[in-house]
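# Observations on chain architecture
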Amino acid sequence: MPSGKEIRNKIKSVENTRKITKAMEMVAASKMRKAQDRMRAARPYGEKIRRVAAHLSHALTEYKHPFLINREVKTVGLILVTSDKGLCGGLNSNILRLTIGKVKEFEAQDKKFQATCIGNKGLGFMQRAGAKVVSQVTSLGDTPRLEKLIGPVKVQLDAYMNGEIDALYIGYTRFINTMKQEPVFEQLLPLSDDAVGSGKARWDYVYEPDAKTVIDELLLRYVEALIYQAVAENMASEQSARMVAMKSASDNAKSVIGELKLVYNKARQAAITKELSEIVGGAAAV
């Protein structure tokens, strides 16, 4: 049995750890509320621009945007959204596990693959896996900035427009509620009917200056809005997962402290009993 001093040192160490995890839990809870508000604030814009994009994509015009044209897929692009920091449970491992499964499917179909990484964890994973990383962005902070996302994402969009990739996917973690976050792997380009609607109703517009300029600009903004929403969802999921993980760590530390105190009391009682036995034995000998 370890000595009383060793047990006291262990108790003190676990108590210090519990203070850290408790503080991180409170910080994550504060950031989680802000991230959720930011995510919910972006949803109405995303829904509105989706409707406008759906109407324009099925409008009566001879121009067909490349984002809406299906073609044979030989090379696949991926935008992978993860967090910059850890200590958020299985958030990153879940989306990375889903992503690597999809990549193996692409490789089994002899499709080439290139990635854009948003977040340090995904970047490190892709580099270790030997994947072709064409662009990246890290250190986004607690607030996603569209101007920081446009550059890396534009690399993939330009590659699609130039025919270097034939499909673009995005992997991120969707926020369901505080206790549940769902890893998602969706097709971003070409835009499917599920994304922009089936086009049962046909719309006729008067374009100014022309249909190509309007549709090109709008669909580009639509794709950017989808990516921004994915990053906002991932950040809300990250803070929720970190709060839950730190609360679990704090609760586990409290249980460990209780067990260590019980062991310490037993060791202390055993030492007292031994001393009393020695005193009684010495007195009897005299």
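Just so it is clear, the structure is predicted and the values come from calculations on it, not from any experiment.

Counting secondary structure elements, the protein chain contains six helices and five strands. Written out in order from the N terminus, the α and β elements of the protein chain read α-β-α-β-α-β-α-β-β-α-α. Overall, the protein chain is about 115 × 40 × 30 Å in size when its C-alpha atoms are taken along their principal axes. Expressed as a percentage of the 286 residues in the protein chain, the buried residues total 40%. Long-range pairs, those at least 24 residues apart, make up 78% of the contacts in the protein chain with a sequence separation of at least 6. Accessible area of the protein chain: about 16,100 Å², with a carbon and sulfur share of 54%. The positive charge centre, built from 44 side chains, and the negative charge centre, built from 32, are 9 Å apart in the protein chain.

The next point concerns the sheet that holds strand β1 (residues 75-81). The five strands are arranged β3-β2-β1-β4-β5 in an open sheet whose pairing can be described as mixed. Across the chains shown, the open sheet's two edge strands, defined by having one partner strand only, are β3 (133-137) and β5 (180-189). Each adjacent strand pair in this sheet contributes to an overall mean axis angle of 20°, direction not counted. Sheet topology note: the strand β4 (residues 167-177)/β5 ladder contains nine bridges and is antiparallel.

Three- or four-residue spacings in an α-helix give side chains the same orientation, since the helix completes a turn every 3.6 residues. An ideal rise of 1.5 Å per residue puts 22 Å on 16 residues; helix α4 (residues 146-161) measures up with 21 Å between its terminal C-alpha atoms. Val153 marks the point of greatest bend in α4, at about 35°. Along α4, the residues that are buried comprise Leu149, Pro152, Val153, Gln156, Leu157, Ala159 and Tyr160. As for α4, its buried residues are in contact with β1, β2 (112-118), β3, β4, β5 and α6 (211-285). A positive backbone phi angle near 80° is found at Gly163, which sits one or two residues after α4.

Below, the discussion takes up the environment of Leu189. Along the chain, the position of Leu189 falls in strand β5. A C-alpha to C-alpha distance of 9.2 Å links Leu189 and Pro66, two positions 123 residues apart in sequence. Not counting chain neighbours up to four residues away, the residues in contact with Leu189 comprise Phe67, Leu157, Tyr160, Ala167, Leu168 and Val223.

The geometry of α4 relative to α6 is characterised by a closest axis approach of 11 Å and an angle of 120° between their N-to-C directions. Relative to α6, the element α4 lies oblique. At the point where α4 passes α6, the crossing takes the right-handed sense. On the side of α4, the interface is formed by Leu146, Leu149, Ile150, Val153 and Leu157, while α6 contributes Leu220, Val223, Glu224, Ile227, Tyr228 and Val231. Classifying every residue of the contact of α4 with α6 gives ten nonpolar, no polar and one charged.

Reading the values: the criteria
- Residues numbered from 1 in each chain as written.
- Predicted model: local features only at pLDDT ≥ 70, side-chain atom pairs only at ≥ 80, totals over all residues.
- Heavy atoms only, no water.
- Helix = DSSP H or I, 4+ residues; strand = E, 2+ residues; numbered from the N terminus.
- Buried < 20%, exposed > 50% of the residue type's maximum accessible area, 1.4 Å probe, protein only.
- Contact = heavy atoms within 4.5 Å.
- Areas by Shrake-Rupley, 256 points an atom, 1.4 Å probe, with all protein chains shown as cover.
- Lys, Arg positive; Asp, Glu negative; His and termini not counted.
- Charge placed at Lys NZ, Arg CZ, Asp CG, Glu CD.
- Pairing = 2+ DSSP bridges.
- Axes fitted to C-alpha atoms, helices over the stretch in contact; angles between N-to-C directions.
- Expected span 1.5 Å × (residues − 1).
- Bend = angle between axes of the 7 residues up to and from the residue.
- Parallel < 35°, antiparallel > 145°, perpendicular 65-115°, else oblique.
- Left-handed = near helix turned anticlockwise from the far one by under 90°.
- Nonpolar A, V, L, I, M, F, W, Y, C, P; charged D, E, K, R; others polar.

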